[in-house]
Amino acid sequence: MKKELNSMKYIVIITMICFFLGCTEKEEIIYFNDFEEGKVKAEEMNKNLLIIFDLYGSSTNYVDELLENKEIKKVLKSFVVTRLMCDDRKMKDSIQTVGSYNSDLQRKLMNQYYQPMFCIFNTSGDKIAKPLGYSKKELVIDYLKSGVPPQE
Amino acid sequence: MLLKEKEKKTTPPKKKGNSFHQEEHSISHWIPKPDWIPSLNKDGDIILQQEVGDNKESLQKFLQGSQWESQVDDLWNNRSHKGGSHVTLPESNYSNAFNYGIKHSEEFPLDQRSRLKNYNCYHFAINGVWGKPIYNGQYSFGDYRMDAESAQEVLNKFFKRTYSQKAIFGETIIGTNYSGGFPMHFMVYGGRDNAGNIYVLQKYGETDPPSINRLIEEKLQEYKFFNEKGAK
C-alpha cells in the first residue's frame, strides 16, 4: 500500500512538472513566405510585420543563423515574420517565378534592391523603420526591438 | 543577329566626370567594337566565340592582362570553326572548377532548398583571380565558405577599386548586392560582347555549380570593380 502511494506521488509530481513546462512554453514564431499572407496574419494578430528579403543564393548562411539565434528568436515572437526569397525559381503563376515577384515587390515597396534586407511594417502596412541590411547580430536585435510596441 | 547589332552603332555618351560613383551608373555605356563571347564547352573549358569583325588584335585586347595574354598567337592559329569560330582557352584553375562542376553534378544539386552545400562566391572569385585551385576535389586558399567581412578584408588589403573599362578578363573581381556596406556577391569579369553586355564567371549560391553568365544589370544595385594592387 505504501509502495503504491509512493508511485502515485511520483506520477503526480511528474504530471505537475509536465503541466508547468507546458504552461511556460513560449509563443511560437509565425513565419510566412508570402507577403499577402503575412500581411493578413499580422493585421489579424495585431502584430507588426517583419519582412526579410533574402536569397537562396546567398553566399553565407547569415539569415538562417540569425533566425536560429536564441535572443533573436525571443524578439521575433512579437512579429509576424515573412521571409521573401528574391531568387526563388518556383513558378508563382504561369508568367513569373516567385523570385521575380518578390524582387518586383521589394523594388516597389522599398525602392532599393539588395538582400538581405530587414524591414518592419505596422498593421496598417506602413514602414515604421528604415530598412536594415547585413549587420552584426546585436544591431539586428536593436533594430527588431525598435519595432516592438512598448506594451510588450 | 550579331551583324545587325553591330550596325546599330551609336555614339557613346560623353563622360561628364571621372568618379567611381558616376561610373557605377554607366557600366552599360560601351563603345561598340568587335569582341568575343565567353562560354563553356561540355568539358568545362572556356571558349571564346568570335563575333563579326573579331580578329587576332581584338583577341589580344580581350585577353590583355589575363593569364592567357601570352598565348594569343597559339590560340588564334588553333581556333576552331566547328559550331562557329571560336578559341578554346587552355586548362586553368577556372576550367578545372567548371569541369569538376559538370562531372560531379551530384555535388551541385541546383535545388535551392538542398542542404547539400558547397563553396561560395567569395572563395570562387578570390581563388580564381589569384590563379589558385578553386575546386578540383580540394580547396586551397582560405575558408571555402568565407564570410562577407573576410571577403571585404581581402579586397581592402590586396585589391583596389577600378573602372569597369579597366576590367581584365579572369582577373577583376566585381562586388555587388551591397547590404549593410558589404558585398553579398562576388563575380569575376568575363569580358564584354559586341553589344556591350558584360559576362561573368561566378559561383552563385552554394548549391549551383560555377558558371559563365551574361550579367543582368539591376538598376538599384551597385557594381564595384576591383583589380589586384599592382595590376595595369
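Here the structure is a predicted model, which means the values were calculated and not measured.

Q: Go over the overall build of chain A, please, and point to the residues and values.
A: Tallying secondary structure elements over chain A gives 6 helices and 4 strands in all. Each helix and strand of chain A, ordered N terminal to C terminal, gives the series α-β-α-β-α-α-β-α-β-α. Out of the 152 residues in chain A, the part that is buried amounts to 43%. If you take every contact in chain A between residues at least 6 apart in sequence, the share linking residues at least 24 apart comes to 62%. Total accessible area on chain A stands at roughly 9,300 Å², and carbon and sulfur atoms take up 57% of it.

Q: Go over the packing of aromatic side chains, please, and point to the residues and values.
A: Evaluation of the coordinates by the stated rule reveals 15 aromatic pairs over all chains. Between Y134 of chain A and F182 of chain B, the ring centres sit 5.5 Å apart and the planes meet at 70°, which makes this aromatic pair edge-to-face. Taken as a pair, Y134 of chain A in the loop between β4 (117-121) and α6 (137-146) and F182 of chain B in strand β6 (residues 182-192) lie in two separate chains rather than in one. The class for F182 of chain B is partly exposed, based on a relative accessible area of 21%. The ring of Y101 of chain A is capped by K92 of chain A, whose NZ or CZ atom sits 4.2 Å from the centre of that ring. For K224 of chain B, the ring lying beneath its charged end belongs to Y178 of chain B, and the centroid distance is 4.4 Å.

Q: Tell me what's going on with the pattern of salt bridges, and back it up with residues and numbers.
A: For side chains bearing opposite charge, pairing can occur when the charged atoms are close. All names here are of chain A. The final tally for this structure, using the stated rule, is 16 salt bridges over all chains. The salt bridge involving E138 is made with K137; its shortest N-O contact spans 4.0 Å. Judged by relative accessible area, which is 46%, E138 ranks as partly exposed. Given a relative accessible area of 28%, K137 falls into the partly exposed group. Overlapping salt bridges bring together D54, D64 and R83 as one network.

Q: Please set out the state of the cysteines residue by residue, giving values where relevant.
A: The full count for this structure, using the stated rule, is 0 disulfides over all chains. With no disulfide partner, C86 of chain A has as its closest neighbouring cysteine sulfur the one in C119 of chain A, 10 Å distant. C121 of chain B takes part in no disulfide bond, and the closest cysteine sulfur, belonging to C86 of chain A, lies 16 Å away.

Q: Go over the interface of chain B and chain A, please, and point to the residues and values.
A: Taken residue by residue, the interface counts 25 residues in chain B and 20 residues in chain A. Counting the surface lost from both chain B and chain A, the interface buries some 1,900 Å², and carbon and sulfur atoms represent 43% of this. Contact with chain A buries surface across chain B, with Q112, R113 and L220 of chain B losing the most and accounting together for 31% of the total. The tally of links between chain B and chain A comes to 2 salt bridges. Here D208 of chain B and R89 of chain A are joined by a salt bridge, their closest N and O atoms 2.6 Å apart. In this assembly, chain B and chain A are joined by 11 residue pairs in polar contact (both at pLDDT 80 or more). Counting residues per element, the ones that place at least two in the side of chain B that touches chain A are α6 (121-129), α7 (148-158), β5 (173-179) and β6 of chain B. Here the side of chain B that touches chain A is built from residues that sort into 10 nonpolar, 8 polar and 7 charged.

Q: Could you give an account of the sheet that holds strand β1 (residues 36-40) of chain B, with specific residues and numbers?
A: Pairing between the strands of a sheet comes from backbone hydrogen bonds, and it takes one of two forms, parallel or antiparallel. Residues and elements named next belong to chain B. The sheet built from 3 strands is open, its strands ordered β1-β2-β3 with antiparallel pairing. Sheet topology places β1 and β3 (86-88) at the edges, where each strand pairs with a single neighbour. Strand after strand, the sheet turns through a mean of 25° between neighbouring axes, direction not considered. The pairing of strand β2 (residues 46-50) with β3 spans 3 bridges and is antiparallel. Across the sheet, residue Q49 finds its bridge partner in β3, namely H86.

Q: Now, about the layout of surface pockets: what can you tell me, with residues and values included?
A: Counted as a void, the second largest pocket has a volume near 800 Å³. Only α5 (98-110) of chain A together with β5, β6, β7 (198-202) and β8 (211-214) of chain B provide two or more residues apiece to the lining of the second largest pocket. The element contributing the most residues to the lining of the second largest pocket is α5 of chain A, with 4 residues. In the lining of the second largest pocket, the residues fall into 11 nonpolar, 15 polar and 8 charged.

Q: Can you lay out helix α2 (residues 35-45) of chain A for me, pointing to particular residues and giving the numbers?
A: Residue and element names in this part refer to chain A. Of the positions making up α2, those classed as buried are F35, G38 and A42. On an axial view of α2, the arc spanned by its buried residues comes to 65°, and they lie on one face. Turned more than 90 degrees away from the buried face of α2 sit E43 and E44, all of them exposed. Looking at the packing, one finds that the buried side of α2 touches β1 (30-32), β2 (48-54), β3 (79-85) and α5. Capping of α2 at its N-terminal end is provided by D34; its side-chain oxygen lies 3.1 Å from the backbone amide nitrogen of E36. N46 occupies a position one or two residues after α2 and carries a positive phi of about 55°.

Each value, and the rule that gives it
- Every chain is numbered on its own, with residues counted from 1 as its sequence reads.
- Chain letters start at A and ligand numbers start at 1, both assigned in the order the entries are written.
- The predicted origin of the model limits local features to residues at a pLDDT of at least 70 and limits the giving and counting of side-chain atom pairs to 80 or more, whereas totals for whole chains, interfaces and linings rest on all residues.
- Calculation of side-chain values draws on the structure's entire complement of heavy atoms; hydrogens and water are dropped beforehand.
- Secondary structure elements follow DSSP: runs of H or I of four or more residues count as helices, runs of E of two or more count as strands, with numbering from the N terminus.
- Only protein chains enter the accessibility calculation, which uses a 1.4 Å probe; a residue whose area is less than 20% of its type maximum is buried, one above 50% is exposed, and one in between is partly exposed.
- In this description, contact between two residues means that some pair of their heavy atoms is separated by no more than 4.5 Å.
- The method behind every accessible area is Shrake-Rupley, applied with a 1.4 Å probe, and residues are considered shielded solely by the protein chains displayed.
- Two aromatic rings, drawn from Phe, Tyr or Trp (for Trp, its six-membered ring), form a pair once their centres lie within 6.5 Å of each other, and the interplanar angle then sorts them: stacked below 30 degrees, edge-to-face above 60, tilted otherwise.
- Note on criteria: charge over ring means Lys NZ or Arg CZ within 6 Å of the ring centre, with the direction from the centre no more than 35 degrees off the ring normal.
- The term salt bridge refers to a side-chain nitrogen of Lys or Arg lying within 4 Å of a carboxyl oxygen of Asp or Glu.
- A pair of sulfur atoms, both from cysteines and within 2.5 Å, is called a disulfide here.
- Buried area is understood as the total, over both parts, of accessible area removed when two parts are fitted together, assessed with a 1.4 Å probe.
- Definition of a polar contact: a pair of N or O atoms within 3.5 Å, with one able to donate and the other able to accept a hydrogen when the atoms are protein atoms, and with sequence-neighbouring residues admitted only if both atoms are side-chain atoms.
- Asp, Glu, Lys and Arg are counted as charged, while Ala, Val, Leu, Ile, Met, Phe, Trp, Tyr, Cys and Pro are counted as nonpolar; the rest, among them Gly, fall into the polar class.
- DSSP calls a pair of strands paired once it identifies at least 2 bridges connecting them.
- Convention adopted: a line fitted to C-alpha atoms gives each axis, helices being fitted over their contacting stretch, and angles between N-to-C directions are expressed from 0 to 180 degrees.
- Here a cavity denotes a set of grid points, spaced 1 Å apart and computed over the protein atoms alone, in which a 1.4 Å probe fits but from which it cannot get out, and a pocket denotes an open set meeting protein on both sides within 12 Å along at least five of seven lines; residues with an atom within 4 Å of a point are reported as lining.
- Grid points are joined across faces, edges and corners, and a volume is the space filled by probe spheres set on the points.
- Taken from the helix axis, the directions to the C-beta atoms give the arc we talk about.

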